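One-letter residues, chain by chain:
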Amino acid sequence: MTIDVPTIRKDFPTLAREVHDTRLVYLDSAASSQTPRAVLDVMDEYYERYRSNVHRGVYRLAEEATDLFEGARHKVAAFTNAPVEGTIFTKNSTEAINLVAYSYVRRRLGEGDVLLTTHMEHHANIVPWLHAQQDLGFEIRYIPLTEDGRLDMDAVPALLDDGRVSFLAVSHVSNVLGTINDVKTLAAQARDANPGCRVLVDGSQAVPHLAVDFRDLGVDFYAFTGHKMCGPTGVGVLLGRPEVLETMPPFLTGGEMILDVRLDGVTWNELPHKFEAGTMMIAEVGGLGAACDYLTGIGMDAIREHEKQLTAKALDALAGLDDVTVHGPTDVEVRGGAVSFAVDGVHPHDIGAMLDQEGVCVRVGHHCAKPLMRVLGVNATARASFYLYNDADDLPPLVRGIERARDFFAR
Ligand code: 7TS
């Protein structure tokens, strides 16, 4: 199954606009994707036809709103092959990871424990652990990287050797290097070394681009975010193994997440509601369900294949440019479509500004991965990232902008 990009582009209203009197070339989907009409329609319909609160209502509108909300949960669970009761809606990946930090790591880890993570994490998957460490004093170890930006799997056995790693937090796909990590193998290794070790995967850059199978990965927690997968902002997901979630106290408390409240105590609601306090982002959850339908309709395998081919062409084009270096793997079998690069003697912000003149949107900066920037020995990178609505027509403006920046600033 191949992807027909011109047809797909028509689904995305923003892609029809121009900037600086030129065609918009959106190469920043790793930061946030665009939204197809089908997702916008579902959210509009909620607001225009049956806006009301969920779960509590006995009237028609509230039933429809509840169907939208709980229907979306089933769609997200099916999309990722996760249990419905372990599919928890959060504000974004950041909140999903913080839920685990507060309801698991801060309750279970202490001095003598080790949390293992990597040098390539987004701040969302480092800062909660550094923060918890300040209070609890556990040790944090890091899996280092190889020269070409992969996890150094040869270093892992020694990091797990003493059996003290009781939590592993790792990204599925790097937002800077594009590297796809073998999280299934890592999870198995961590549990071999310590059967009690729990594993969290940050799937923010994976779920939009790869077919993700939560049950098959054999991990305990898996976090992702709606706005990078054609869904709206304001909604993310924590997938969790119900057996583990059952043992955890709630994160936020208040309405909706209780079964009973007495003056002398409280009984938590069942999963997944125990972890969803207060009125949720109903329209956005519905929009995320529609995004799952949209991506499923196109096919995640087809999306992956399309991105692989386009990324290969982009890497070739960049490799042909003097003074341009790509960070991260060059083999598209082990990388996704986020391509960070440097141009000798040119600050990434100047590259970004010059590309903007060509109508090209790329992200420049540290990409919320400052430890990784230090490992790479840079302050910032420029990053082009590809999605299902990009194609080879987007590459010439990218190359032109990079060449203009190089020739203007560095020579
Ligand atoms: N984890 C990874 C791997 C990410 O790429 C991001 C966002 C997050 C977590 C946080 O997602 P949020 O929805 O909770 O904010 N990454 C980026 C990026 O690369 N550029 O802007 C946001």
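Residues numbered from 1 in each chain as written. Predicted model: local features only at pLDDT ≥ 70, side-chain atom pairs only at ≥ 80, totals over all residues. Heavy atoms only, no water.

In this section: the packing of helix 12 (residues 348-357) against helix 14 (residues 395-410). In contact at an axis separation of 8 Å, helix 12 and helix 14 are set at 130 degrees when each is read in the N-to-C sense. It follows that helix 12 is oblique to helix 14 by the angle criterion. In terms of crossing hand, the pair formed by helix 12 and helix 14 is right-handed. Taking contact as the criterion, the partners of Asp350, Ile351, Met354, Leu355 and Gln357 in helix 12 are, on helix 14, Pro397, Leu398, Gly401, Ile402, Arg404, Ala405, Phe408 and Phe409. (Axes fitted to C-alpha atoms, helices over the stretch in contact; angles between N-to-C directions. Helix = DSSP H or I, 4+ residues; strand = E, 2+ residues; numbered from the N terminus. Parallel < 35°, antiparallel > 145°, perpendicular 65-115°, else oblique. Left-handed = near helix turned anticlockwise from the far one by under 90°. Contact = heavy atoms within 4.5 Å.)

Taken together, 16 residues sit near the ligand, with Thr94, Asp202, Thr225, Lys228 and Arg383 positioned nearest. At 2.6 Å, a side-chain N or O of Thr225 approaches an oxygen atom of the ligand. A distance of 2.7 Å separates an oxygen atom of the ligand from a polar atom in the side chain of Arg383. In isolation the ligand offers 490 Å² of accessible surface; the protein chains occlude 89% of this area. Looking at the shell around the ligand residue by residue, the classes come out as 3 nonpolar, 9 polar and 4 charged. Mapping the shell around the ligand onto the domain boundaries places at least three of its residues in each of domain 1 (5-30 + 299-409) and domain 2 (41-296). (Near = heavy atom within 4 Å. Polar contact = N/O pair within 3.5 Å; in protein donor to acceptor, adjacent residues only side chain to side chain. Areas by Shrake-Rupley, 256 points an atom, 1.4 Å probe, with all protein chains shown as cover. Nonpolar A, V, L, I, M, F, W, Y, C, P; charged D, E, K, R; others polar. Domains from an automatic or database assignment.)

Quick look at the domain arrangement of the chain now. By domain assignment, the chain separates into domain 1 (5-30 + 299-409) and domain 2 (41-296). Taking only C-alpha atoms, the centre of domain 1 and the centre of domain 2 are 28 Å apart. The partner domain 2 presents 30 residues to the 35 residues of domain 1 that form the contact. Each partner contributes to the roughly 2500 Å² buried at the junction of domain 1 and domain 2, and carbon and sulfur atoms together form 59% of this total. Of all residues in domain 1, Met300, Leu372 and Tyr387 give up the largest surface area on contact with domain 2, accounting jointly for 24% of the area buried on that side. Seen at the junction of domain 1 and domain 2, the total is 16 residue pairs in polar contact (both at pLDDT 80 or more). Elements with a minimum of two residues in the side of domain 1 that touches domain 2: helix 11 (300-319), strand 14 (338-343) and helix 13 (370-376). Element by element, the count of residues in the side of domain 1 that touches domain 2 is highest for helix 13, at 6 residues. (Buried area = accessible area lost by both parts, 1.4 Å probe.)

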